[in-house]
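Take a look at the letters that make up each chain.
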Amino acid sequence: MSDARRRVLVVEDDADTRALYRAVLERAGWEVAETASGAEAVRLAAEAPPAVAVVDISIPGLDGWETTRRLKAGAATRGVAVVAVTGHALDEDRRRAREVGCDAYLIKPVEPSRLLAEVTRVAGNGE
C-alpha cells in the first residue's frame, strides 16, 4: 500500500511500544513506518510524508516537541497531523503540545483502540 492518506509514522524509543502501535495500526489497514529517533522521523517524513505521525514526547536527542516543530515547519511535512503520546499529564504539557502544533494529545499508557481512533480522526479518514 502506498497511499499517503493511509501512512503513519510512529516515533517511539521503546521497542515494545513501537511493536504494539505497529500491530494495531497495520491490523486496521495503515502502512506503518517507525523510528526511535526524532531526527530520523523528520528525514523519513520528508522523503515519504505520512498522513499522521505518532510522536512520543520523551525520546532521546531531538525530543518530541522539537520533532513536531520541525515537521510543522517543513515544506513537505507541514500537513502531517501529529498525535503526541506522552507520560506527561500536566495542563502545561497539553498547552505546549498545542503551541508546537500537535493535533492530538494522548497520555500513556494508551489503549490501542484510543490510539487508532485518534490517528483515524486526525487523518480525516472516515469523515
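Right, let's walk through the structure included here. For clarity, every value in this text was computed on a predicted model and none was experimentally measured.

1. A word on the packing of aromatic side chains
Phase 1 of the analysis: Taken as a whole and judged by the stated rule, the model has 0 aromatic pairs.
Phase 2 of the analysis: Directly above the ring of Trp30 sits Arg6, whose terminal nitrogen or CZ lies 4.3 Å from the centroid.

2. Things to note about unusual backbone geometry
Phase 1 of the analysis: Omega for the peptide link from Lys108 to Pro109 comes to -5°, which places this bond in the cis form.
Phase 2 of the analysis: Residue position: Pro109 is located in the loop between strand E5 (104-107) and helix H5 (112-123).

3. Side note on the pairing of strand E4 (residues 81-86)
Phase 1 of the analysis: In terms of residue burial, E4 counts as a mostly covered element, since 6 of its 6 residues are buried.
Phase 2 of the analysis: Alternating residues of E4 divide into Ala81, Val83 and Val85 and Val82, Ala84 and Thr86, and every residue in both groups is buried.
Phase 3 of the analysis: Relative to E4, strand E3 (residues 52-56) runs parallel, the two sharing 5 bridges. Looking at E4, one finds that Ala53 is bridged to Val82.
Phase 4 of the analysis: For the handedness criterion, the β-α-β arrangement of E3, helix H3 (residues 64-73) and E4 is classed as right-handed.
Phase 5 of the analysis: In this structure, E4 lies alongside E5, joined through 4 bridges in parallel fashion. Residue pairing for E5: Ala84 is matched across the bridge by Tyr105.
Phase 6 of the analysis: Once you follow E4 into helix H4 (residues 91-100) and on to E5, the crossover reads as right-handed.

Parameters and conventions
Residues numbered from 1 in each chain as written. Predicted model: local features only at pLDDT ≥ 70, side-chain atom pairs only at ≥ 80, totals over all residues. Heavy atoms only, no water. Phe/Tyr/Trp six-rings, centres within 6.5 Å; stacked < 30°, edge-to-face > 60°. Lys NZ or Arg CZ within 6 Å of the ring centre and 35° of its normal. Helix = DSSP H or I, 4+ residues; strand = E, 2+ residues; numbered from the N terminus. Buried < 20%, exposed > 50% of the residue type's maximum accessible area, 1.4 Å probe, protein only. Pairing = 2+ DSSP bridges. Right-handed = clockwise from strand over helix to strand, strands pointing away.

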